[in-house]
Amino acid sequence: MDALFVLLSFGVFAVCVLLVLLTGARTYRAQTNRDQESWDRRTGVQYVAAKVRHADEAGAISFSGGDGGLWYDTLNLKETYGGEEYVTAIYCYDGYIRELFTVEGGVYAQEDGEPVLEAQGLRFGWDGELIQVEATDVNGNTSRLVLSPRCPEGVGA
């Protein structure tokens, strides 16, 4: 009789351990999925914000493409190296946010840019004071960020 009680106790203990492990695995999976979705949603706009902050000086930021109004397709960041003017173009093409570093005035195709991050869309707004960044991740979630450039006279469309 004692052996049966020990065996049943061990069985109940084993079932409880299994249930705790399954619950923990489910919680872990939900947490990692939530973290991945958060990363997907915020990384595009944070990437652009870091690039804008780095290039925030007079005459360095401009926009091109788009609807001719508030919204633009491409962010252009001008830099000077060795007396030569270069532009970093940031835009979305073929499912990726892309970055292209080229000589200012250079001709390039959209597929020439280096894929940086998967995304469905990216657009930029400029109202004369604030830069708006809108990125749509691979899941269709849109994130928005508004930047106030330290050097607004350096921003142009």
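Residues numbered from 1 in each chain as written. Predicted model: local features only at pLDDT ≥ 70, side-chain atom pairs only at ≥ 80, totals over all residues. Heavy atoms only, no water.

How would you sum up the pairing of strand β7 (residues 121-126)? Please name residues and give values.
On any regular strand, side chains alternate: one points to one face of the sheet, the next to the other face. Burial analysis of β7 places five of its six residues in the buried class, which makes it a mostly covered element. With two bridges joining them, strand β2 (residues 71-72) and β7 adopt antiparallel strand pairing. By the bridge assignment for β7, Trp 71 is matched with Gly 125. Pairing geometry for β7 and strand β8 (residues 131-136), over six bridges, is antiparallel. Note on β8: the bridge partner recorded for Leu 122 is Ala 135. (Buried < 20%, exposed > 50% of the residue type's maximum accessible area, 1.4 Å probe, protein only. Helix = DSSP H or I, 4+ residues; strand = E, 2+ residues; numbered from the N terminus. Pairing = 2+ DSSP bridges.)

With reference to specific residues and values, describe the nonpolar core.
Counting residues in each nonpolar core, the largest one holds 25 residues, and the members touching the most others are Val 48, Leu 75, Ile 90 and Leu 122. Per element, the largest residue contribution to this core is five residues, and it comes from helix α1 (residues 2-54). Beyond its immediate stretch of four places on either side in the chain, Leu 75 contacts Val 48, Val 52, Ile 61, Ser 62, Phe 63, Thr 88, Ala 89, Ile 90 and Phe 124. (Core = buried A, V, L, I, M, F, W, Y, C linked by side-chain atoms within 4.5 Å. Contact = heavy atoms within 4.5 Å.)

So what about the pattern of salt bridges? Which residues, and what values?
Tallied over the full model, the rule gives five salt bridges. Bridged by salt links that share partners, the residues Arg 123, Glu 134 and Arg 144 form one connected network. (Salt bridge = Lys/Arg side-chain N within 4 Å of Asp/Glu carboxyl O.)

Can you tell me about the packing of aromatic side chains, naming the residues and giving the values?
Per the counting criterion, the structure on display carries seven aromatic pairs. Aromatic pair Phe 63 and Trp 126: ring centres 6.5 Å apart, planes at 25°, arrangement stacked. Residue Phe 63 is found in strand β1 (residues 61-64), and its partner Trp 126 is found in strand β7; the two are separated by 63 residues along the sequence. This pair shows no difference in class: Phe 63 is buried, exactly as Trp 126 is. Aromatic rings pair up to connect Phe 63, Tyr 72, Phe 124 and Trp 126 into one cluster. Across the ring face of Trp 71, the terminal group of Arg 123 is positioned such that the distance to the ring centre comes to 3.8 Å. (Phe/Tyr/Trp six-rings, centres within 6.5 Å; stacked < 30°, edge-to-face > 60°. Lys NZ or Arg CZ within 6 Å of the ring centre and 35° of its normal.)

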